[in-house]
Amino acid sequence: MTSVDKKQDSIFSKKLMWPALRGTFSKLNPVTLWRNPVMFFVEIGGIITALNFVYNIITGKGDPAWFTGAVSMLLWLTVMFATFAESLAEGRGKARAESLRKSRTEIIAKKVKQPDPSGPATEINANDLRKGDLVLVGANELIPGDGDVVFGAALVDESAITGESAPVVRESGGDRSAVTGGTRVTATENIIVQITADPGETFIDKMVSLVEGAKRRKTPNEIALNILLIALTIIFLLVVFNLNSLSSYSVKAAGQGTVVSLVVLIALFVCLAPTTIAALLPAIGIAGMDRLFSRNVMALSGRAIEAAGDVNTLLLDKTGTITLGNREAVEFIAIGGHSGEEVVDAALMSSFTDETPEGRSIIVLAKQMGSRLQELPDHAAPVPFRAETRISGVDLEDHSYRKGAPDSIVRYIEQRGGSVPAELEQKVTEIARAGSTPLAVTRDNEVLGVINLKDIIKGGIQERFAQLRKMGIKTVMITGDNPLTAAAIAAEANVDDFLAEAKPEDKLKLIRDYQADGYMVAMTGDGTNDAPALAQADVAVAMNTGTQPARDAANIIDLDSNPTKLLDIVEIGKQILMTRGNLTTFSIANDIAKYFAIIPAALTSVYPQLQTLNLMHLANPHSAILSAVIFNALVIPFLIPLALKGTRYRPMPAQKLLVYNLFIYGLGGVIAPFIGIKLIDMLVTFSI
Amino acid sequence: MQNFEIYDLIEIAALLAVLLLLVKPLGSYMARVYQGEKNLLSPVLRPLERLVYRFAGIDEQKESGWKQYAFAFLLFNGLGIVFLFLVLVFQGVLPLNPQGLPGFPLTLAFNTAVSFITNTNWQNYAGESTASYFTQTVPLTLSHFVSAAAGMAVVIALIRGIARRTAEQIGNFWVDLTRGVLYILLPIALIAGIFLVSQGVIQNFSGYQQARLVQAQNRNGAVTTQVLPMGPVASFESIKLLGTNGGGFFNANSAHPYENPSPLTNFVEIALFLMIPLALTHTFGRMVGNTRQGWAILTAMLIILVVSLGAMYWSERAGNPLIHRQGIAGPNMEGKEVRFGIGGSTLFSAGTTATSDGAVNSMLDSYTPLGGGVNMFLMLLGEVVPGGVGSGLYTMLGFVIIAVFVAGLMIGRTPEYLGKKIEVREMWMSVIIVLTSGISVLIFSGMALLLPAGTGAILNPGPHGLSEVLYAYASASNNNGSAFAGISANTSFYNLTLGFAMLLGRFLPAVAALAMSGSLAAKKYVPPSLGTLPTNNLTFIGWLIVVVLIVGALTFLPALGLGPIVEHLIMIGRK
């Protein structure tokens, strides 16, 4: 099985070239080209000038045939550059889709009735699996469909979709249960997977159709820009109609010269119409998706990426985003005169059935500290963690052990009529102030001590938040920690705000509150309990390791499951909009020079005085018009790399960024064609 | 020769100072009026306002959505056109007609009715020889008031749309109309009218007077007497200027000594047509709760206006080299009143074409090619610097939306203006608001220059004739109303096409502005952050100016090239 090619192919690589060239011609079909009205009109211009060329040859009247022919050819070239740009962008997506499709080879699934690996299995085709079916997967087998691991744990090679060769752990329970069809189990006892997607709706199916661009619809912003472009096109159509009247009147009034010919009118129209941006607009959107994908992010709609560019509030889960993965137990502190050993044993006892990473780190630390307990005694009744009680532990025949957040433990002890030593409060506060998380440990109705769970802030995260602040984006850390701990970590990580002791419904409420104030909110999540908040957020990024409900609620999926990706997504969203805006400005700014090339050339026979406007001193009317049309056509392929890569985004306040871009694309757009057209004119006159 | 007259500079500076001083008090006053707050004149006018509502059966508390607002606006204007048309056609049998003038011909009546209701006031007739006193004082003066108030109502509704959050209602058209007339136009027009009378503008209903000439003229026999048209001029004059209407009582318009007798009245008349359009920017700032936004738009408008005025002044001062060569030195005074000079004339002209007022105090046809070209360009920009009462600001806001949209993309955000996201609907509407007049000019002038019915009316040959046609449609499509003259426009072809241009240029953008108001009102408010593009600083002002100029230039460069520019090149002797 091949893995997806992660590296950005160089833009004009051979592999992508041929399909792109084929697409260039198939997209010339006016029925489909109609979706891009500006280019559609250029094509009509191409057809009319071609007919005119034939007419010139047959009758010998009108413009010289070579001139009409050259204009016609250039117009066709302009359209083809546009269709080529779009095909090239699509081709990159298709190449990825192709390698994905290869992973969907026929798989035989072992369907079972019960989530029990020793039960009987029937073999069926993976395509016949339906939601809710249970399948058994053994070592070195492909997982037949998207689903959740409901029994066992396995190492899974997900390189088919992420390109990452290191296998990842997938296990039942918790937030790492989701598996994707087409990925391979490398080492395991047998696992049982419950299928969560019907055939045709699986993750890979969705990815293929997305990267192929089949489902791509214009985003609202693209439509709005298109309105502007269409309006300009209509204006310029009328300008050339008007010019026709103006020149026919002027010829009569001046008693000399010739009326501007249809070919020259069409040439002027094509030069003025915003062909540059119209040609590159589809490619910009497709390439944006592709750029995201090359960073292992799947946007489920173009809208989601653009919304990402607008986001001004980021809700970030502390764990995994701001701090390194999971907290680790680093210390056991005895209180109330209990011995250190008692605390260690109680901590261990209460953690045996705790499958969370924190729980495991407690077991590890306790064993390192020499606890003699090896496993849970018989007849132990585990008490699982519940969001309401926020404590967990185990009931043995003689004792019951609990651990949990200190305030929950205090409530628990008081309910049972025990007393809480004052020392607890003091130790807890100490640990929390330092940004760590305290867990209290109890035996029956006595508090024995406190476990210190330490958070480690990711390197470089402070700088990223500072960058975001410059972009006008507010960061909010969300954590289940108590407010003291949260404040300490928030201060250290340099976030703008935090939400402590967050329950799922708190997240949802926070998002709604921000949205009611008009903020665009982005969040990342992976757990099932994140799903409602993800569904509410404007931009919802789910980790690929996340549960199925979380992935369903999201509109962007991060295959690497790296929450800081959100920052990349925001940047790419902005880049797409900026590229559109910059090329629009450039395209329109170009018109000034084109006017100065074509108007004197077209009208000089009527009023020789208009040569004054020939600022570029272009050699003669024909060379002037051809040079403008050539420049107009060539600027498209010249800008394809920019459209595919996106204009550079640097975090700086809006005002500065605008001035910077106006300087480069606005002023540059005014000046560049003056130089370009002059150079082309020199070449054209030299070669004729 | 010095290329400026110090008195002219003083006059221009004084006018700007007066206008700028008026912006804040007048703008805030208008904001209070339209928001229904207590104001300076409410003790006097509030009872009258209530009376109007009771009489007309209007519930002033009841606001409506944009569709109803637009319906009321269109209904009111439609009925106005029908009413005015009928009065003009039947003027012969109506009272106050001492000269016994007959009814208007049908196409002229259509043209005139549309012209006055759309706040264009293009006149294909000479007032003193065609319109009776009744026609001038009742329906035409009335239309001066209500067409101005209707334009103001539209922009106020648009401002409400921007200011309101997740709302459906954008106001009550009838209330806005009433308040505009009652609190704003009537009081100022009254004061201005009294002032004009004090300065010698006439106000009477007598028949035309015979005057004995001091020096007999010989025109196919001795001419010893002259007819002096009379009439209630002052009441017509003040609102014609204040409401940026511009239709003259007399054919000579504000060049006529009975309309505009002295440099002082000239100064006041210019201030009258500029004050409301400029002050509305402050009303806008007040109503959206951010006065700096209003000042930003005002600055952009003034910069274009002042630079244009400078260009026109320079061109008229420089004069015509062909005339200089004949030994007659000096600026181009042809068609200008000596009592106004170059300063008073160009200031009036720049103001009148920039505000869509369209009154004139000098003959635009006789300006130098570039001077006339600047007048034309100010209209072709879409009447936004500052444009007509109401219409100027809503058109400018259309430009603002487009400028914000492109700039927003360039900084990587879905564009927003004053906390409202600019999306598909806003783009449609602002494109319609901004480009309709340009499209109308291109189509109709293109037709007129192709068809014999159009070219037959042109009196001057060469590029100047082209300018005359272009000017006529620029004036009509932008609801300005000033004429270049030099064209016999009272033909069925021109009456009808100019009429349609006026209808198109008035109602399509106005309805689009109301639709945009409805769509903006319904939106949530997005609070600004560091990533939001500020729209009240110099960068944005500069960008807005560039957008306005680029749209105008790209649309009309060929036309201006073959009209004023080539005429200029010929005049200065380029070969």
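Please read all numbers here as calculations on a predicted model, not as lab measurements.

Rules used throughout
Once a new chain begins, its residue numbering starts again from 1 and follows that chain's sequence as written. All chains are assigned letters beginning with A, and all ligands numbers beginning with 1, in the order in which they are written. Per-residue local features of the predicted model are confined to residues with pLDDT of at least 70, and side-chain atom pairs are confined, for both listing and counting, to 80 or more; whole-chain, interface and lining totals are unaffected and use all residues. Excluded from the side-chain calculations are hydrogens and water; all other atoms, namely the structure's heavy atoms, are used. Only DSSP runs of H or I reaching four residues or more are called helices, and only runs of E reaching two or more are called strands; each is numbered from the N terminus. Here a polar contact is taken to be a pair of N or O atoms separated by no more than 3.5 Å, where protein atoms must pair a possible hydrogen donor with a possible acceptor and residues adjacent in sequence count only if both atoms sit in side chains. Contacts: residue pairs with any heavy atoms within 4.5 Å of one another. One bridge is not enough; two strands pair if DSSP finds at least two bridges between them. Axis definition: a line fitted to C-alpha atoms, over the contacting stretch in the case of helices. Angles run 0 to 180 degrees between N-to-C directions. Note on patches: the residues involved have over 30% relative accessible area and no salt bridge, like charges join within 9 Å, and the nonpolar side chains Val, Leu, Ile, Met, Phe, Trp and Tyr join within 5 Å. Residue-level accessible areas treat just the shown protein chains as cover; the underlying method is Shrake-Rupley with a 1.4 Å probe. Salt bridge, as applied in this entry: a Lys or Arg side-chain nitrogen positioned within 4 Å of an Asp or Glu carboxyl oxygen. A positive count includes Lys and Arg, and a negative count includes Asp and Glu. His and the chain ends are not counted in either. All charge positions are set by atom: Lys at NZ, Arg at CZ, Asp at CG, Glu at CD. Here's how the labels work: a residue is buried when its accessible area is under 20% of the maximum for its type, exposed when over 50%, partly exposed in between, all with a 1.4 Å probe on protein chains only. Under this scheme an angle from 65 to 115 degrees is roughly perpendicular, one under 35 degrees roughly parallel, and one over 145 degrees roughly antiparallel; angles in between are oblique. Accessible area, probed at 1.4 Å, shrinks when two parts are joined; the buried area is that loss added up over both. Less than a right angle of anticlockwise turn of the near helix away from the far helix marks a crossing as left-handed, whereas a clockwise turn marks it as right-handed. Asp, Glu, Lys and Arg are counted as charged, while Ala, Val, Leu, Ile, Met, Phe, Trp, Tyr, Cys and Pro are counted as nonpolar; the rest, among them Gly, fall into the polar class. Each pair of aromatic rings taken from Phe, Tyr and Trp, with Trp reduced to its six-membered ring, is defined by centres within 6.5 Å and is described as stacked if the planes are under 30 degrees apart, edge-to-face if over 60, and tilted in the remaining cases.

Student: I keep staring at the side chain of Thr-604 of chain A and nothing clicks. Help me out?
Tutor: Residue and element names in this part refer to chain A. When you line up the elements, Thr-604 lands in the loop between helix H21 (565-603) and helix H22 (621-645). For Thr-604, the side chain forms a polar contact with the side chain of Gln-611, separated by 3.0 Å. Each residue touching Thr-604, except ones within four places of it in the same chain, is listed here: Gln-611 and Pro-621.

Student: I keep staring at the sheet that holds strand E10 (residues 297-299) of chain A and nothing clicks. Help me out?
Tutor: Backbone-to-backbone hydrogen bonds join strands into a sheet, with any given pair of strands oriented parallel or antiparallel. Residues and elements named next belong to chain A. The seven strands lie next to each other as E10-E22-E21-E20-E11-E18-E19, forming an open sheet whose pairing is mixed. Whereas interior strands pair on both sides, the edge strands pair on one side only; in this sheet they are E10 and strand E19 (497-499). Put simply, the sheet's adjacent strands are angled 20° from each other on average, direction ignored. Summarising the sheet, strand E21 (residues 539-543) and strand E22 (residues 556-558) pair through three bridges and their orientation is parallel. Looking at E22, one finds that Ala-542 is bridged to Ile-557.

Student: I keep staring at a negative patch on the surface and nothing clicks. Help me out?
Tutor: Residue and element names in this part refer to chain A. On the surface, Glu-375, Asp-378, Glu-397 and Asp-398 cluster together to form a negatively charged patch. Relative to the helices and strands, Asp-398 is located in the loop between strand E14 (391-395) and strand E15 (400-404). Residue classification places Asp-398 among the exposed positions, given a relative accessible area of 58%.

Student: I tried to follow the sheet that holds strand E7 (residues 178-179) of chain A on my own but got confused; where do I start?
Tutor: Residues and elements named next belong to chain A. Strands sit in the order E2-E1-E3-E9-E4-E7 across an open sheet of six strands; the sheet is antiparallel. Since the sheet does not close on itself, it has two edges, and those belong to strand E2 (121-125) and E7, each with one partner. Sheet analysis places strand E4 (residues 147-151) next to strand E9 (residues 191-195), joined by four bridges and oriented antiparallel. Among the inter-strand pairings, Val-149 is bridged to a residue of E9, identified as Val-193.

Student: Would you mind showing me how to read unusual backbone geometry here?
Tutor: With the exception of glycine, the majority of residues adopt a negative phi angle, and the majority of peptide bonds are in the trans configuration. All names here are of chain B. Residue Pro-386 is bonded to the preceding Val-385 through a cis peptide linkage, with omega at 0°. Relative to the assigned elements, Pro-386 resides in the loop between helix H13 (369-380) and helix H14 (391-410). In this model, Asn-119 sits at a positive phi of 65°, which is unusual for a non-glycine residue. The residue Asn-119 is located in the loop between helix H4 (106-117) and helix H5 (127-130) in this model. For Asn-119, a relative accessible area of 2% gives the class buried. Although it is not a glycine, Glu-383 adopts a positive phi angle of roughly 55°.

Student: Teacher, can you tell me more about the packing of helix H7 (residues 173-198) of chain B against helix H9 (residues 263-287) of chain B here?
Tutor: Axes are the key here: two packed helices are described by the angle between their axes and the distance separating the axes. All names here are of chain B. At a closest axis distance of 11 Å, the pairing of H7 and H9 adopts a crossing angle of 175°. What the angle tells us is that H7 and H9 run roughly antiparallel. In this structure, H7 contributes Ile-184, Leu-185, Ile-188, Ala-192, Phe-195 and Leu-196 to the contact, and H9 contributes Leu-264, Thr-265, Val-268, Glu-269, Leu-272, Met-275 and Ile-276.

Student: Explain the environment of Ile-305 of chain A to me, please; I cannot follow it from the model alone.
Tutor: Residue and element names in this part refer to chain A. With respect to the secondary-structure elements, Ile-305 resides in helix H10 (residues 302-310). Each C-alpha atom, one on Ile-305 and one on Leu-577, is 9.8 Å from the other, the two residues being 272 residues apart in sequence. Beyond its immediate chain neighbours, meaning those up to four positions away, Ile-305 contacts Met-289, Leu-292, Ala-299, Ile-572, Gly-573 and Ile-576.

Student: What should I look at first to understand the interface of chain B and chain A in this one?
Tutor: The figure often quoted for interface size is the accessible area lost as the parts come together. Each side of the interface is counted separately: chain B has 62 residues, and chain A has 61 residues. Summed over both sides, the interface between chain B and chain A buries roughly 5400 Å², with carbon and sulfur atoms accounting for 74% of that surface. The tally of links between chain B and chain A comes to zero salt bridges. The interface formed by chain B and chain A holds eleven residue pairs in polar contact (both at pLDDT 80 or more) in total.

Student: For this particular structure, what's the right way to read the packing of helix H10 (residues 291-318) of chain B against helix H12 (residues 341-355) of chain B?
Tutor: All names here are of chain B. Between H10 and H12, the least distance of the axes is 9 Å, while the angle of their chain directions is 140°. By the angle between their directions, the pair H10 and H12 is classed as oblique. For the pair H10 and H12, the crossing hand works out as right-handed. Across the interface between the two elements, Leu-305, Leu-309, Met-312, Tyr-313, Glu-316 and Arg-317 from H10 touch Ile-342, Gly-343, Thr-346, Leu-347, Ser-349, Ala-350 and Ala-354 from H12. Residue classes in the contact of H10 with H12 are distributed as eight nonpolar, three polar and two charged.

Student: Explain the environment of Val-112 of chain A here, please?
Tutor: All names here are of chain A. Secondary-structure assignment places Val-112 in strand E1 (residues 108-112). By relative accessible area, Val-112 is classed as buried at 6%. Residues within four places of Val-112 in sequence aside, it is in contact with Pro-120, Ala-121, Leu-134, Val-135, Leu-136 and Ile-192.

Student: Help me out: how do you make sense of the packing of aromatic side chains in this one?
Tutor: Here the distance between the centres and the angle between the planes together describe a pair of aromatic rings. Residue and element names in this part refer to chain B. According to the stated counting rule, one finds 24 aromatic pairs over all chains in the structure shown. Relative to Phe-205, the ring of Tyr-133 has its centre 6.1 Å away and its plane inclined at 70°; by these criteria the two rings are edge-to-face. Here Phe-205 lies in the loop between H7 and strand E1 (209-218) and Tyr-133 lies in helix H6 (residues 133-163), a separation of 72 residues in the sequence. The exposure class of Tyr-133 is buried, given its relative accessible area of 2%. Phe-205 sits in the partly exposed class, given a relative accessible area of 44%. These aromatic residues form a ring-pair network of at least three members: Tyr-69, Phe-73, Phe-76, Phe-173, Trp-174 and Phe-507.

Honestly, it's all geometry; don't read function into it.
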